[in-house]
Amino acid sequence: MSDAIAKTAQKAGTNAAQRCIVPGCAAQFGIREQIYVCRRCGGPLEIEIPLDLLKSTPDLRERWQARAASHDPRDNSGVWRFRELLPFDDDAPVVTLFEGNTPLYDAPRSAKYAGLTALRLKHQGCNPTASFKDTGMTTAVTQAKLLGARTAVCASTGNTAASLAAYAARAELQCAILLPQGQISPAKLAQSMDYGAVVCEINGNFDDCMRLISELADVPSIYIANSVNPFRIEGQKTVAFELLEQCGWRVPDHVVVPGGNMGNSSALGKGFDEILRLGLIDRLPKISIVQAEGSAPLAHLFAGLKPSGSAADATLPDDIEPVATPRTLATAIKIGAPVSWKKALRAVLRTRGSIITVTEQEIADAKAVIGRDGIGCEPASATTVAGIRKLTASNKIHAGESVVAVLTGHVLKDPDYVSHYHRGTLSFESVTADGTAKTVQITGAFRNAPEKVAANKEAILKSLESRR
Ligand code: F0G
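Residues numbered from 1 in each chain as written. Predicted model: local features only at pLDDT ≥ 70, side-chain atom pairs only at ≥ 80, totals over all residues. Heavy atoms only, no water.

Chemist: Which residues make up the site of the ligand, and what values do they have?
Modeler: Around the ligand lies a shell of 20 residues, among which Ser156, Thr157, Asn261, Met262 and Thr408 are the nearest. A distance of 2.8 Å separates an oxygen atom of the ligand from a polar side-chain atom of asparagine 159. Within the backbone of asparagine 261, one N or O atom sits 2.7 Å away from an oxygen atom of the ligand. When isolated, the ligand has an accessible area of 480 Å², and the protein chains bury 99% of it. When contributions to the shell around the ligand are tallied by element, the ones reaching two or more residues are helix H7 (159-171) and helix H11 (263-277). Considered class by class, the residues forming the shell around the ligand number seven nonpolar, eleven polar and two charged. (Near = heavy atom within 4 Å. Polar contact = N/O pair within 3.5 Å; in protein donor to acceptor, adjacent residues only side chain to side chain. Areas by Shrake-Rupley, 256 points an atom, 1.4 Å probe, with all protein chains shown as cover. Helix = DSSP H or I, 4+ residues; strand = E, 2+ residues; numbered from the N terminus. Nonpolar A, V, L, I, M, F, W, Y, C, P; charged D, E, K, R; others polar.)

Encoded structure:
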């Protein structure tokens with residue numbers, strides 16, 4: 001690459017700005033201003049990369065691909081490999097654990113279960129802290145370093161916390177995490193403790209923790225690393241680039257993700273949109289979001305939207321009705337007031353995808369089926385395969401279409417859930433419309449419990465035979 005082209009490509013990063021996504025406001029702020037929402041109207045912020053500067057850059061795709069074989073630490077990261085589209089200078093103090101570069105698996109059993117000819121699973125659980133959060137934390141913590149923050153803070157259902165704790169440790173920043181007490185998988189909590197974070201267990205749910213975060217946002221030495229922070233989204237959007245690369249730049253018909261606080265779906269929407277505007281693809285995949293039935297504010301809102309011919313931003317509603325007491329065993333997405341719902345809804349409307357719910361039983365069974373493909377994931381991730389099954393049944397997805405589900409976390413993130421499912425002891429506290437609670441037993445349709453076998457060869461062979 002000539003120096004002139006290199007400089008132009010880099011300028012896209014340094015000339016980026018923060019912009020309010022509310023169409024009537026669209027206020028612009030400097031790229032190094034420490035803000036998380038629009039200072040004028042309180043709306044969500046998004047990083048604007050000057051794509052025009054990059055349109056004249058030849059061979060972007062080839063350059064990104066070639067970096068995968070280089071020894072520059074930034075090139076070993078599946079996020080920084082795409083740095084032309086990131087809002088940083090070339091000499092930014094990159095904090096990386098070599099995130100990204102995750103596998104795209106073919107999953108024949110899950111495909112059959114979901115009613116498809118083929119299904120691919122993009123496993124973001126294969127990141128350094130075993131969830132998709134790492135792709136966003138590398139950029140957020142790099143920005144924290146640039147701004148000279150002393151402490152990085154987040155609210156979390158577990159994975160954001162584990163990821164921030166690790167990246168803050170790498171960056172030698174203090175880290176504090178706010179967790180809903182007793183509602184986090186012990187495996188995730190263990191990670192945060194090991195990475196040295198100050199763990200604050202809050203007597204409340206995730207949404208309460210998030211409210212506390214917004215109160216901390218005006219302390220200059222504190223840097224907020226939740227996905228309300230647009231620098232998180234910048235890293236996470238690169239998953240769209242990497243996925244397209246793995247698909248040989250043939251756009252899948254559908255990309256399906258779980259929905260919690262809605263950073264992931266927002267980021268994928270932004271990633272695909274930028275690549276389209278750069279002219280590297282000629283259409284967008286339909287982005288669909290799947291929520292757990294008991295924690296599904298955006299699916300409820302989506303169901304109430306009037307179908308409109310145009311998916312213009314102006315059709316976005318102003319408010320979302322939160323779910324006061326979110327419930328699901330998929331604790332990662334036990335969220336009643338998603339912060340990034342506007343960006344996520346915009347991505348779904350633009351791409352003509354869907355937002356649906358699945359039940360606890362559907363999540364549990366889909367998770368076990370993914371396991372049978374030899375892949376495995378945490379419960380929240382399995383909403384995707386459960387959701388695809390429903391979308392296929394309702395003809396929103398056709399059997400022969402190309403579909404990618406994004407698995408967001410590793411199977412070992414929640415071993416208690418897995419064990420209970422297979423032993424037939426998984427249960428869920430459900431609340432009926434009149435407020436009465438009842439315990440619902442989840443049946444292990446794909447149960448695989450251990451059995452006691454006598455310590456001899458015959459007993460083992462007999463056991464194998466009986467379960468063939
Ligand atoms: N899947 C997993 C495994 C998650 O941990 C999360 C979110 C989601 C899906 C939903 O993604 O929030 O971008 O819509 N976990 C956050 C956390 C909230 O604190 O770890 P989202």
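Continuing now.
Chemist: Give me the lowdown on the pattern of salt bridges, citing residues and values where you can.
Modeler: The tally for this structure, following the rule as stated, stands at 24 salt bridges. Two residues, aspartate 90 and arginine 74, come together in a salt bridge whose shortest N-O distance is 3.5 Å. Pair noted here: aspartate 90 is in the loop between helix H4 (73-76) and strand S4 (104-106) and arginine 74 is in helix H4, with a separation of 16 residues, a long-range link. Given a relative accessible area of 42%, aspartate 90 falls into the partly exposed group. You can call arginine 74 buried: its relative accessible area is 17%. Its salt-bridge partner being aspartate 273, residue arginine 277 comes within 3.3 Å of it at the nearest N-O pair. Placement of both arginine 277 and aspartate 273 in helix H11 is noted, with a separation of four residues, approximately one turn of the helix. Accessibility expressed as a relative area gives 47% for arginine 277, which makes it partly exposed. What makes aspartate 273 buried here is its relative accessible area of 14%. Put simply, Arg63, Arg67, Asp75, Arg83 and Glu84 are held in one network by salt bridges that share partners. (Salt bridge = Lys/Arg side-chain N within 4 Å of Asp/Glu carboxyl O. Buried < 20%, exposed > 50% of the residue type's maximum accessible area, 1.4 Å probe, protein only.)

Chemist: Before we move on, could you go through the sheet that holds strand S8 (residues 198-202) and cite the residues and values that matter?
Modeler: Within the open sheet, the four strands sit side by side as S8-S7-S6-S9. Their pairing is parallel. Two strands lie at the open edges of the sheet, namely S8 and strand S9 (222-224), each paired on one side alone. Averaged over all neighbouring strand pairs, the angle between strand axes comes to 25 degrees, with direction disregarded. Running over the sheet, helix H8 (residues 186-194) touches strand S7 (174-180) and S8 and is turned about 140 degrees from S8. (Pairing = 2+ DSSP bridges. Axes fitted to C-alpha atoms, helices over the stretch in contact; angles between N-to-C directions. Contact = heavy atoms within 4.5 Å.)

Chemist: How would you sum up the nonpolar core? Please name residues and give values.
Modeler: For soluble globular proteins, the rule of thumb is that nonpolar side chains tend to be buried together. Formed by 89 residues in total, the largest nonpolar core has its most connected members in Leu85, Leu268, Ile275 and Leu298. The dominant element in this core, judged by the number of residues it contributes, is H7, at seven residues. Sequence-distant contacts of leucine 85, defined by excluding residues within four places in its chain, comprise Ile49, Leu51, Leu54, Trp64, Glu234, Lys237, Phe241, Glu274, Ile275 and Leu278. Counting 38 residues, the second largest nonpolar core, distinct from the first, contains Ala114, Leu119, Val256 and Val290. (Core = buried A, V, L, I, M, F, W, Y, C linked by side-chain atoms within 4.5 Å.)

Chemist: Can you tell me about the packing of helix H14 (residues 360-372) against helix H15 (residues 379-393), naming the residues and giving the values?
Modeler: Where H14 meets H15, the closest approach of the two axes is 7 Å, and the angle between their N-to-C directions is 100 degrees. Here H15 runs roughly perpendicular to H14, going by the angle between their axes. For the pair formed by H14 and H15, the contact residues are Glu362, Ile363, Ala366, Lys367 and Ile370 on the first element and Pro379, Ala382, Thr383, Val385, Ala386 and Lys390 on the second. Its residues assigned to classes, the contact of H14 with H15 comprises seven nonpolar, one polar and three charged. (Parallel < 35°, antiparallel > 145°, perpendicular 65-115°, else oblique.)

Chemist: Let's hear about the side chain of glutamate 245: which residues, and what values?
Modeler: In this structure, glutamate 245 sits in helix H10 (residues 230-246). Given the relative accessible area of 12%, glutamate 245 is considered buried. Glutamate 245 has contacts with Arg61, Trp64, Gln65, Arg81 and Phe82, leaving out every residue within four places of it along the chain.

Chemist: How would you sum up H11? Please name residues and give values.
Modeler: In this model H11 runs 21 Å from its N-terminal to its C-terminal C-alpha over 15 residues, within 8% of the 21 Å that 1.5 Å per residue would give. Extensive coverage of H11 is indicated by the burial of 13 of its 15 residues. (Expected span 1.5 Å × (residues − 1).)

Chemist: Mind laying out the pairing of strand S1 (residues 17-20), listing which residues take part and the relevant values?
Modeler: Strand direction decides the pairing type here: S1 and strand S3 (residues 45-48), joined by four bridges, are antiparallel. Note on S3: the bridge partner recorded for alanine 17 is glutamate 48. Across two bridges, S1 lies against strand S2 (residues 28-29) in antiparallel orientation. Note that in S2 the partner of glutamine 18 across the bridge is phenylalanine 29.

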